[in-house]
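# Structural description and commentary
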Amino acid sequence: MLNYKLLKKNINEIAKKLKKRGFILNIKLFKFMEEKRKKLYFDIEKNIQKKKIISNTIRKKNNLNILEINNLKEKSKKINYFILNKKKKLESIKNKINSFLIQIPNLPDDNIPLTKNKKLVIYGKRPIFNFKIKDHINLCKKKGLDFSSGVKLASSKFVVIKDKIALLHRKLIQFMLDLHTKKHNYIELNVPYISNYSSLYNTGQLPKFENDLFKISSKNIKKNNYYLIPTGEVPLTNLLSNKILLEKDLPLKFVSCTPCFRSEKLSYGQDNKGLIRLHQFDKVELVQIVKPEKSNNILEEITYHAEKVLKLLKLPYRKILLCSNDIGFAASKTYDLEVWFPSLKNYKEISSCSNMLDFQSKRMKTKYRINNTKKTNFVHTLNASGLAISRTLGAILENYQLSNGKIEIPKILQKKYMRGIKFI
(Lines give C-alpha, C1' and ligand atoms only; values in the text may rest on other atoms or scores of the structure.)
Protein backbone atom coordinates (compact mmCIF):
# COMPACT_ATOMS: atom_id res chain seq x y z
CA MET A 1 0.00 0.00 0.00
CA LEU A 2 1.25 3.47 -0.82
CA ASN A 3 2.17 5.87 1.97
CA TYR A 4 -0.98 7.86 2.76
CA LYS A 5 0.92 10.92 3.99
CA LEU A 6 3.11 10.89 0.87
CA LEU A 7 0.01 10.62 -1.30
CA LYS A 8 -1.52 13.70 0.36
CA LYS A 9 1.70 15.66 0.06
CA ASN A 10 2.79 14.71 -3.49
CA ILE A 11 -0.36 13.46 -5.20
CA ASN A 12 0.39 15.05 -8.58
CA GLU A 13 3.89 13.55 -8.72
CA ILE A 14 2.58 10.13 -7.67
CA ALA A 15 -0.16 10.34 -10.32
CA LYS A 16 2.52 10.92 -12.99
CA LYS A 17 4.46 7.86 -11.86
CA LEU A 18 1.35 5.68 -11.77
CA LYS A 19 0.42 6.84 -15.27
CA LYS A 20 3.68 5.21 -16.48
CA ARG A 21 2.20 1.83 -15.58
CA GLY A 22 -1.17 2.61 -17.14
CA PHE A 23 -2.97 3.46 -13.89
CA ILE A 24 -4.94 6.71 -13.83
CA LEU A 25 -5.22 8.10 -10.31
CA ASN A 26 -8.48 9.94 -9.68
CA ILE A 27 -6.98 13.05 -8.04
CA LYS A 28 -10.28 14.93 -7.82
CA LEU A 29 -11.99 12.08 -5.99
CA PHE A 30 -9.11 11.66 -3.56
CA LYS A 31 -8.98 15.39 -2.77
CA PHE A 32 -12.77 15.49 -2.33
CA MET A 33 -12.70 12.58 0.13
CA GLU A 34 -9.68 13.97 1.97
CA GLU A 35 -11.34 17.40 2.38
CA LYS A 36 -14.48 15.72 3.65
CA ARG A 37 -12.44 13.64 6.11
CA LYS A 38 -10.60 16.72 7.43
CA LYS A 39 -13.86 18.72 7.83
CA LEU A 40 -15.54 15.88 9.73
CA TYR A 41 -12.48 15.45 11.95
CA PHE A 42 -12.40 19.22 12.63
CA ASP A 43 -16.16 19.30 13.43
CA ILE A 44 -15.78 16.39 15.86
CA GLU A 45 -12.80 17.93 17.66
CA LYS A 46 -14.49 21.32 17.84
CA ASN A 47 -17.65 19.86 19.42
CA ILE A 48 -15.67 17.65 21.81
CA GLN A 49 -14.13 20.85 23.16
CA LYS A 50 -17.59 22.43 23.46
CA LYS A 51 -18.81 19.41 25.39
CA LYS A 52 -15.81 19.62 27.75
CA ILE A 53 -16.55 23.30 28.49
CA ILE A 54 -20.19 22.49 29.28
CA SER A 55 -19.19 19.55 31.49
CA ASN A 56 -16.74 21.73 33.41
CA THR A 57 -19.37 24.44 33.82
CA ILE A 58 -21.91 21.95 35.20
CA ARG A 59 -19.31 20.42 37.50
CA LYS A 60 -18.27 23.77 38.96
CA LYS A 61 -21.91 25.01 39.03
CA ASN A 62 -20.87 28.65 39.72
CA ASN A 63 -24.23 29.65 41.22
CA LEU A 64 -26.21 28.06 38.39
CA ASN A 65 -29.82 27.26 39.12
CA ILE A 66 -31.44 23.90 38.31
CA LEU A 67 -33.04 25.21 35.11
CA GLU A 68 -29.72 26.46 33.78
CA ILE A 69 -28.01 23.17 34.64
CA ASN A 70 -30.74 21.17 32.91
CA ASN A 71 -30.45 23.38 29.82
CA LEU A 72 -26.69 22.77 29.74
CA LYS A 73 -27.21 19.02 30.10
CA GLU A 74 -29.68 19.06 27.24
CA LYS A 75 -27.23 21.01 25.14
CA SER A 76 -24.51 18.50 25.99
CA LYS A 77 -26.76 15.64 24.84
CA LYS A 78 -27.40 17.32 21.51
CA ILE A 79 -23.67 17.87 21.04
CA ASN A 80 -23.06 14.23 21.91
CA TYR A 81 -25.59 13.08 19.26
CA PHE A 82 -23.93 15.43 16.78
CA ILE A 83 -20.49 13.95 17.56
CA LEU A 84 -21.74 10.36 17.22
CA ASN A 85 -23.35 11.17 13.88
CA LYS A 86 -20.18 12.83 12.60
CA LYS A 87 -18.07 9.88 13.81
CA LYS A 88 -20.22 7.49 11.77
CA LYS A 89 -19.75 9.68 8.71
CA LEU A 90 -16.01 9.90 9.41
CA GLU A 91 -15.76 6.11 9.65
CA SER A 92 -17.66 5.82 6.37
CA ILE A 93 -15.37 8.23 4.52
CA LYS A 94 -12.29 6.53 5.99
CA ASN A 95 -13.55 3.21 4.61
CA LYS A 96 -14.08 4.82 1.21
CA ILE A 97 -10.56 6.26 1.29
CA ASN A 98 -9.17 2.86 2.25
CA SER A 99 -11.09 1.18 -0.60
CA PHE A 100 -9.63 3.82 -2.91
CA LEU A 101 -6.08 3.25 -1.62
CA ILE A 102 -6.07 -0.55 -1.88
CA GLN A 103 -6.81 -0.34 -5.61
CA ILE A 104 -3.63 1.68 -6.25
CA PRO A 105 -0.65 -0.39 -7.44
CA ASN A 106 2.96 0.09 -6.35
CA LEU A 107 5.01 2.90 -7.87
CA PRO A 108 7.27 1.75 -10.71
CA ASP A 109 11.02 2.06 -10.26
CA ASP A 110 12.39 5.19 -11.96
CA ASN A 111 14.96 3.15 -13.89
CA ILE A 112 12.71 0.64 -15.65
CA PRO A 113 11.60 1.10 -19.28
CA LEU A 114 8.27 2.74 -19.94
CA THR A 115 6.50 0.66 -22.60
CA LYS A 116 8.88 -2.01 -23.91
CA ASN A 117 10.59 -4.80 -21.97
CA LYS A 118 14.38 -4.74 -22.14
CA LYS A 119 16.34 -7.90 -22.99
CA LEU A 120 19.39 -7.99 -20.73
CA VAL A 121 20.95 -11.47 -21.02
CA ILE A 122 20.69 -14.41 -23.41
CA TYR A 123 22.31 -17.48 -21.84
CA GLY A 124 23.21 -20.78 -23.45
CA LYS A 125 23.04 -22.11 -26.97
CA ARG A 126 19.64 -23.17 -28.18
CA PRO A 127 19.79 -26.83 -29.27
CA ILE A 128 20.00 -27.60 -32.97
CA PHE A 129 18.08 -30.74 -33.98
CA ASN A 130 18.76 -32.77 -37.13
CA PHE A 131 15.38 -34.48 -36.83
CA LYS A 132 11.74 -33.45 -36.57
CA ILE A 133 11.18 -32.45 -32.97
CA LYS A 134 8.06 -32.97 -30.88
CA ASP A 135 6.49 -30.81 -28.23
CA HIS A 136 6.55 -32.24 -24.70
CA ILE A 137 2.92 -33.39 -24.93
CA ASN A 138 3.39 -35.63 -27.97
CA LEU A 139 6.89 -36.61 -26.89
CA CYS A 140 5.66 -37.97 -23.56
CA LYS A 141 2.16 -39.32 -24.21
CA LYS A 142 3.41 -42.86 -23.58
CA LYS A 143 6.12 -41.86 -21.12
CA GLY A 144 4.02 -40.41 -18.32
CA LEU A 145 2.32 -37.08 -19.14
CA ASP A 146 -1.39 -37.95 -18.90
CA PHE A 147 -3.57 -34.92 -19.61
CA SER A 148 -6.71 -36.97 -20.31
CA SER A 149 -6.63 -38.37 -16.76
CA GLY A 150 -6.21 -34.80 -15.48
CA VAL A 151 -9.44 -33.87 -17.25
CA LYS A 152 -11.15 -37.00 -15.90
CA LEU A 153 -10.13 -36.31 -12.29
CA ALA A 154 -10.59 -32.53 -12.30
CA SER A 155 -10.94 -30.55 -15.55
CA SER A 156 -8.85 -29.26 -18.42
CA LYS A 157 -5.48 -27.70 -17.50
CA PHE A 158 -4.76 -30.41 -14.94
CA VAL A 159 -2.32 -33.28 -15.50
CA VAL A 160 -1.35 -36.64 -14.02
CA ILE A 161 2.41 -37.28 -14.18
CA LYS A 162 3.60 -40.89 -14.03
CA ASP A 163 6.60 -43.17 -13.71
CA LYS A 164 10.08 -41.79 -14.53
CA ILE A 165 8.74 -38.37 -15.48
CA ALA A 166 7.07 -38.18 -12.05
CA LEU A 167 10.44 -39.12 -10.55
CA LEU A 168 12.15 -36.37 -12.55
CA HIS A 169 9.47 -33.90 -11.41
CA ARG A 170 10.07 -34.84 -7.76
CA LYS A 171 13.85 -34.74 -8.09
CA LEU A 172 13.74 -31.31 -9.70
CA ILE A 173 12.08 -30.05 -6.52
CA GLN A 174 14.71 -31.69 -4.34
CA PHE A 175 17.54 -30.36 -6.52
CA MET A 176 16.24 -26.79 -6.32
CA LEU A 177 15.62 -26.92 -2.57
CA ASP A 178 19.09 -28.38 -1.99
CA LEU A 179 20.68 -25.63 -4.07
CA HIS A 180 18.84 -22.79 -2.35
CA THR A 181 19.32 -24.10 1.19
CA LYS A 182 22.90 -25.39 0.94
CA LYS A 183 24.44 -22.91 -1.51
CA HIS A 184 22.26 -19.82 -1.18
CA ASN A 185 21.50 -20.12 2.57
CA TYR A 186 17.71 -19.97 2.53
CA ILE A 187 15.69 -21.47 5.37
CA GLU A 188 13.36 -24.18 4.07
CA LEU A 189 9.75 -24.04 5.26
CA ASN A 190 6.74 -26.25 4.79
CA VAL A 191 3.67 -24.01 4.74
CA PRO A 192 -0.13 -24.33 4.47
CA TYR A 193 -1.61 -24.49 0.99
CA ILE A 194 -4.70 -22.61 2.18
CA SER A 195 -4.65 -18.88 2.87
CA ASN A 196 -7.02 -16.54 4.65
CA TYR A 197 -8.22 -13.27 3.13
CA SER A 198 -5.86 -11.02 5.07
CA SER A 199 -2.73 -12.89 3.92
CA LEU A 200 -3.74 -12.56 0.27
CA TYR A 201 -4.62 -8.91 0.85
CA ASN A 202 -1.24 -8.27 2.47
CA THR A 203 0.72 -9.51 -0.54
CA GLY A 204 -1.52 -7.74 -3.05
CA GLN A 205 -3.57 -10.59 -4.57
CA LEU A 206 -6.78 -9.33 -2.99
CA PRO A 207 -9.08 -7.66 -3.67
CA LYS A 208 -7.88 -7.03 -7.24
CA PHE A 209 -7.31 -10.64 -8.39
CA GLU A 210 -10.08 -12.49 -6.53
CA ASN A 211 -11.50 -13.93 -9.79
CA ASP A 212 -8.16 -15.64 -10.47
CA LEU A 213 -8.20 -17.57 -7.17
CA PHE A 214 -9.77 -20.85 -6.08
CA LYS A 215 -12.03 -20.00 -3.14
CA ILE A 216 -12.83 -22.66 -0.55
CA SER A 217 -16.39 -23.20 0.66
CA SER A 218 -17.09 -25.48 3.61
CA LYS A 219 -19.82 -25.85 6.21
CA ASN A 220 -17.08 -26.41 8.79
CA ILE A 221 -15.42 -23.06 8.08
CA LYS A 222 -17.41 -20.27 9.70
CA LYS A 223 -16.44 -17.31 7.51
CA ASN A 224 -15.78 -19.27 4.31
CA ASN A 225 -13.09 -16.70 3.55
CA TYR A 226 -10.26 -19.01 2.58
CA TYR A 227 -8.47 -19.67 -0.70
CA LEU A 228 -5.98 -22.09 -2.22
CA ILE A 229 -2.65 -20.28 -2.49
CA PRO A 230 -1.71 -18.94 -5.95
CA THR A 231 1.99 -18.86 -4.99
CA GLY A 232 4.27 -19.73 -2.05
CA GLU A 233 5.02 -16.01 -1.78
CA VAL A 234 1.76 -15.57 0.16
CA PRO A 235 2.47 -17.78 3.21
CA LEU A 236 6.24 -17.15 3.21
CA THR A 237 5.91 -13.36 3.26
CA ASN A 238 2.99 -13.31 5.72
CA LEU A 239 4.92 -15.30 8.33
CA LEU A 240 6.19 -11.91 9.51
CA SER A 241 2.94 -9.94 9.43
CA ASN A 242 2.24 -7.75 12.47
CA LYS A 243 5.81 -8.12 13.75
CA ILE A 244 8.64 -5.80 14.67
CA LEU A 245 11.93 -7.48 13.73
CA LEU A 246 15.43 -6.75 14.97
CA GLU A 247 17.80 -5.09 12.52
CA LYS A 248 20.52 -7.63 13.30
CA ASP A 249 18.26 -10.48 12.13
CA LEU A 250 17.89 -9.06 8.60
CA PRO A 251 17.95 -10.22 5.89
CA LEU A 252 15.62 -13.18 6.37
CA LYS A 253 15.67 -15.71 3.52
CA PHE A 254 12.90 -18.29 3.10
CA VAL A 255 12.32 -21.02 0.52
CA SER A 256 9.45 -23.43 0.07
CA CYS A 257 7.99 -25.70 -2.58
CA THR A 258 4.22 -25.54 -2.78
CA PRO A 259 1.53 -26.30 -5.29
CA CYS A 260 0.11 -23.12 -6.82
CA PHE A 261 -3.57 -22.90 -7.72
CA ARG A 262 -4.81 -20.38 -10.26
CA SER A 263 -8.34 -20.36 -11.61
CA GLU A 264 -7.65 -17.64 -14.18
CA LYS A 265 -9.32 -18.10 -17.55
CA LEU A 266 -6.79 -19.71 -19.89
CA SER A 267 -6.75 -19.71 -23.67
CA TYR A 268 -5.98 -22.87 -25.62
CA GLY A 269 -3.34 -21.49 -27.99
CA GLN A 270 0.13 -22.91 -28.58
CA ASP A 271 1.64 -20.65 -25.91
CA ASN A 272 -0.54 -22.17 -23.17
CA LYS A 273 -0.40 -25.84 -24.09
CA GLY A 274 0.57 -28.75 -21.87
CA LEU A 275 2.77 -28.01 -18.87
CA ILE A 276 3.20 -24.37 -19.83
CA ARG A 277 -0.08 -23.21 -18.30
CA LEU A 278 -1.95 -25.23 -15.67
CA HIS A 279 -4.52 -24.53 -12.97
CA GLN A 280 -2.29 -26.44 -10.51
CA PHE A 281 1.49 -26.58 -10.63
CA ASP A 282 4.40 -26.83 -8.18
CA LYS A 283 6.84 -23.99 -7.66
CA VAL A 284 9.91 -23.42 -5.54
CA GLU A 285 9.54 -19.90 -4.15
CA LEU A 286 12.24 -17.62 -2.73
CA VAL A 287 11.41 -14.74 -0.37
CA GLN A 288 13.74 -12.24 1.27
CA ILE A 289 12.88 -9.69 3.98
CA VAL A 290 15.48 -6.91 4.02
CA LYS A 291 16.39 -3.39 5.08
CA PRO A 292 15.24 -0.71 2.58
CA GLU A 293 18.74 0.37 1.57
CA LYS A 294 19.61 -3.23 0.65
CA SER A 295 16.62 -4.16 -1.52
CA ASN A 296 17.98 -3.01 -4.89
CA ASN A 297 21.11 -5.15 -4.45
CA ILE A 298 19.08 -8.06 -3.08
CA LEU A 299 16.92 -8.03 -6.22
CA GLU A 300 20.07 -8.75 -8.23
CA GLU A 301 21.03 -11.49 -5.76
CA ILE A 302 17.67 -13.26 -5.69
CA THR A 303 17.50 -13.13 -9.49
CA TYR A 304 20.97 -14.70 -9.68
CA HIS A 305 19.77 -17.51 -7.37
CA ALA A 306 16.93 -18.29 -9.80
CA GLU A 307 19.28 -18.05 -12.81
CA LYS A 308 21.68 -20.51 -11.19
CA VAL A 309 19.08 -23.29 -11.46
CA LEU A 310 18.77 -22.77 -15.22
CA LYS A 311 22.55 -22.62 -15.64
CA LEU A 312 23.13 -25.87 -13.76
CA LEU A 313 20.42 -27.60 -15.77
CA LYS A 314 22.01 -26.13 -18.93
CA LEU A 315 18.72 -24.75 -20.18
CA PRO A 316 18.89 -21.81 -22.63
CA TYR A 317 17.17 -18.73 -21.21
CA ARG A 318 17.01 -14.98 -21.38
CA LYS A 319 16.69 -12.31 -18.70
CA ILE A 320 14.18 -9.50 -19.23
CA LEU A 321 13.73 -6.22 -17.36
CA LEU A 322 9.98 -5.63 -17.38
CA CYS A 323 8.63 -2.25 -18.40
CA SER A 324 6.29 -0.25 -16.18
CA ASN A 325 3.25 -1.53 -18.13
CA ASP A 326 4.06 -5.18 -17.38
CA ILE A 327 5.15 -5.27 -13.73
CA GLY A 328 2.79 -6.88 -11.22
CA PHE A 329 0.38 -4.96 -9.02
CA ALA A 330 2.59 -5.03 -5.90
CA ALA A 331 5.97 -4.86 -7.69
CA SER A 332 8.20 -1.86 -8.25
CA LYS A 333 10.82 -3.59 -10.39
CA THR A 334 10.80 -7.07 -11.93
CA TYR A 335 13.16 -9.30 -13.86
CA ASP A 336 11.59 -12.18 -15.80
CA LEU A 337 13.62 -15.26 -16.69
CA GLU A 338 12.33 -16.97 -19.83
CA VAL A 339 13.37 -20.50 -20.82
CA TRP A 340 13.62 -21.73 -24.42
CA PHE A 341 10.89 -24.06 -25.71
CA PRO A 342 12.02 -25.57 -29.06
CA SER A 343 8.50 -26.55 -30.15
CA LEU A 344 7.34 -22.94 -29.79
CA LYS A 345 10.56 -21.49 -31.19
CA ASN A 346 10.23 -19.01 -28.39
CA TYR A 347 11.05 -18.27 -24.76
CA LYS A 348 8.48 -18.69 -21.97
CA GLU A 349 8.55 -17.15 -18.49
CA ILE A 350 9.86 -19.57 -15.87
CA SER A 351 10.67 -17.14 -13.07
CA SER A 352 9.55 -13.69 -12.00
CA CYS A 353 11.89 -11.87 -9.59
CA SER A 354 10.48 -8.73 -7.96
CA ASN A 355 11.26 -5.99 -5.48
CA MET A 356 8.06 -4.93 -3.70
CA LEU A 357 9.78 -2.21 -1.63
CA ASP A 358 7.55 -1.50 1.42
CA PHE A 359 4.26 -2.00 -0.46
CA GLN A 360 3.55 -5.38 1.16
CA SER A 361 5.10 -4.60 4.55
CA LYS A 362 2.76 -1.62 5.01
CA ARG A 363 -0.21 -3.88 4.42
CA MET A 364 1.31 -6.54 6.71
CA LYS A 365 2.44 -3.99 9.34
CA THR A 366 5.93 -5.51 9.35
CA LYS A 367 8.74 -3.30 10.63
CA TYR A 368 12.23 -3.62 12.06
CA ARG A 369 13.71 -1.81 15.03
CA ILE A 370 16.68 0.37 14.08
CA ASN A 371 19.84 -0.48 16.06
CA ASN A 372 17.95 -1.44 19.23
CA THR A 373 16.40 2.04 19.45
CA LYS A 374 12.72 2.87 19.70
CA LYS A 375 12.73 3.95 16.05
CA THR A 376 11.17 1.55 13.57
CA ASN A 377 10.96 1.36 9.79
CA PHE A 378 9.07 -0.78 7.32
CA VAL A 379 11.04 -3.68 5.81
CA HIS A 380 11.28 -4.29 2.07
CA THR A 381 10.09 -7.62 0.65
CA LEU A 382 11.34 -9.48 -2.43
CA ASN A 383 10.36 -12.74 -4.07
CA ALA A 384 11.41 -14.94 -6.98
CA SER A 385 10.40 -18.23 -8.52
CA GLY A 386 13.31 -20.55 -8.12
CA LEU A 387 11.80 -22.17 -10.32
CA ALA A 388 8.34 -23.16 -11.59
CA ILE A 389 8.61 -26.97 -11.69
CA SER A 390 6.18 -27.82 -14.49
CA ARG A 391 7.73 -25.37 -16.95
CA THR A 392 11.22 -26.53 -15.97
CA LEU A 393 10.12 -30.10 -16.59
CA GLY A 394 8.57 -29.20 -19.94
CA ALA A 395 11.70 -27.30 -21.00
CA ILE A 396 13.95 -30.26 -20.10
CA LEU A 397 11.74 -32.71 -21.99
CA GLU A 398 11.88 -30.60 -25.14
CA ASN A 399 15.48 -29.35 -25.03
CA TYR A 400 16.92 -32.77 -24.13
CA GLN A 401 14.94 -34.88 -26.64
CA LEU A 402 16.89 -37.24 -28.89
CA SER A 403 16.30 -38.56 -32.41
CA ASN A 404 15.38 -42.04 -31.08
CA GLY A 405 12.49 -40.58 -29.04
CA LYS A 406 14.32 -40.78 -25.72
CA ILE A 407 14.95 -37.86 -23.39
CA GLU A 408 18.37 -37.34 -21.86
CA ILE A 409 18.49 -36.42 -18.17
CA PRO A 410 20.56 -33.29 -17.39
CA LYS A 411 23.95 -34.48 -16.15
CA ILE A 412 23.70 -32.69 -12.80
CA LEU A 413 20.63 -34.79 -11.95
CA GLN A 414 21.72 -38.21 -13.26
CA LYS A 415 23.84 -39.64 -10.45
CA LYS A 416 22.80 -37.82 -7.27
CA TYR A 417 19.08 -37.39 -7.96
CA MET A 418 17.90 -39.78 -10.66
CA ARG A 419 19.43 -43.02 -9.29
CA GLY A 420 21.83 -43.17 -12.23
CA ILE A 421 19.06 -43.01 -14.84
CA LYS A 422 20.46 -41.25 -17.90
CA PHE A 423 17.51 -41.48 -20.31
CA ILE A 424 13.73 -41.65 -20.23
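Residues numbered from 1 in each chain as written. Predicted model: local features only at pLDDT ≥ 70, side-chain atom pairs only at ≥ 80, totals over all residues. Heavy atoms only, no water.

### Quick word on the layout of surface pockets
Which parts of space are left empty comes out when a probe the size of a water molecule is rolled across the atoms. In this model, the largest pocket occupies a volume close to 1,200 Å³. Together, 43 residues line the largest pocket, and Arg 262, Glu 264, Gly 328, Glu 349 and Ser 352 are the ones closest to its centre. Of all elements in the fold, only β10 (280-290), β12 (333-341), β13 (346-355), β16 (380-388) and α12 (389-399) reach the threshold of two or more residues within the lining of the largest pocket. Top element by residues in the lining of the largest pocket is β13. It accounts for eight residues. Broken down by class, the residue content of the lining of the largest pocket amounts to 16 nonpolar, 13 polar and 14 charged. Reported here for the second largest pocket is a volume of approximately 300 Å³. What lines the second largest pocket is a set of 18 residues, and nearest its centre among them are Leu 6, Lys 17, Asn 106, Leu 107 and Leu 357. In terms of residue count, the dominant contributor to the lining of the second largest pocket is helix α2 (residues 11-19) (three residues). (1 Å grid on protein atoms, 1.4 Å probe; cavity = no way out; pocket = protein on both sides within 12 Å on 5 of 7 lines; lining within 4 Å. Points joined across faces, edges and corners; volume = space filled by probe spheres on them. Helix = DSSP H or I, 4+ residues; strand = E, 2+ residues; numbered from the N terminus. Nonpolar A, V, L, I, M, F, W, Y, C, P; charged D, E, K, R; others polar.)

### What about the nonpolar core?
Core analysis: the biggest nonpolar cluster contains 91 residues, and Leu 168, Leu 172 and Leu 413 have the highest contact counts within it. Residues in contact with Leu 168, not counting those within four places in the same chain, are Leu 393, Ile 396, Ile 409, Leu 413, Met 418 and Ile 424. In this structure, Val 191, Leu 240, Leu 250 and Val 287 belong to the second largest nonpolar core, which totals 11 residues. (Core = buried A, V, L, I, M, F, W, Y, C linked by side-chain atoms within 4.5 Å. Buried < 20%, exposed > 50% of the residue type's maximum accessible area, 1.4 Å probe, protein only. Contact = heavy atoms within 4.5 Å.)

### As for the sheet that holds strand β5 (residues 194-196)
The pairing of strands in a sheet happens through backbone hydrogen bonds and is either parallel or antiparallel. Judged by pairing direction, the sheet is antiparallel, and its three strands sit side by side in the order β5-β7-β6 without closing on themselves. Two strands lie at the open edges of the sheet, namely β5 and β6 (215-216), each paired on one side alone. Bridge count for β5 against strand β7 (residues 226-228) is three bridges, and the pairing is antiparallel. Looking at the pairing, Ile 194 lines up with Leu 228 of β7. (Pairing = 2+ DSSP bridges.)

### Here's the deal with unusual backbone geometry
A cis geometry characterises the amide bond from Leu 250 onward to Pro 251, with omega recorded as 0°. Note that the residue after Gly 386, namely Leu 387, is joined by a cis bond; omega there is 20°. Structurally, Leu 387 is set in strand β16. Although it is not a glycine, Lys 345 adopts a positive phi angle of roughly 55°. Note on placement: Lys 345 falls in the loop between β12 and β13.

### Description of the pattern of salt bridges
Applying the stated criterion across every chain yields a total of 19 salt bridges. Lys 17 serves as the salt-bridge partner of Asp 110, at 3.7 Å between the closest nitrogen and oxygen. Of this pair, Asp 110 sits in the loop between α4 (66-101) and β1 (118-123) while Lys 17 sits in helix α2, and the two are 93 residues apart along the sequence. Taking the relative accessible area as the measure of exposure, Lys 17 reaches 22% and is therefore partly exposed. Its salt-bridge partner being Lys 253, residue Glu 301 comes within 3.9 Å of it at the nearest N-O pair. (Salt bridge = Lys/Arg side-chain N within 4 Å of Asp/Glu carboxyl O.)

### Brief notes about the packing of aromatic side chains
One pass over the structure, following the stated rule, counts eight aromatic pairs. Considering the side-chain rings of Tyr 4 and Phe 30, the 6.1 Å spacing of their centres and the 80° angle between planes classify their relative orientation as edge-to-face. With Tyr 4 in helix α1 (residues 4-9) and Phe 30 in helix α3 (residues 27-60), this residue pair connects regions lying 26 residues apart in the sequence. With a relative accessible area of 3%, Phe 30 lands in the buried category. Between Phe 129 and Phe 131 the ring centres are 5.4 Å apart and the planes differ by 75°, which places this aromatic pair in the edge-to-face class. The aromatic ring of Tyr 186 is capped on one face by Lys 253, whose charged end is 4.8 Å from the ring centroid. The cationic tip of Arg 363 hangs over the ring face of Tyr 201; the distance from NZ or CZ to the ring centre is 4.3 Å. (Phe/Tyr/Trp six-rings, centres within 6.5 Å; stacked < 30°, edge-to-face > 60°. Lys NZ or Arg CZ within 6 Å of the ring centre and 35° of its normal.)

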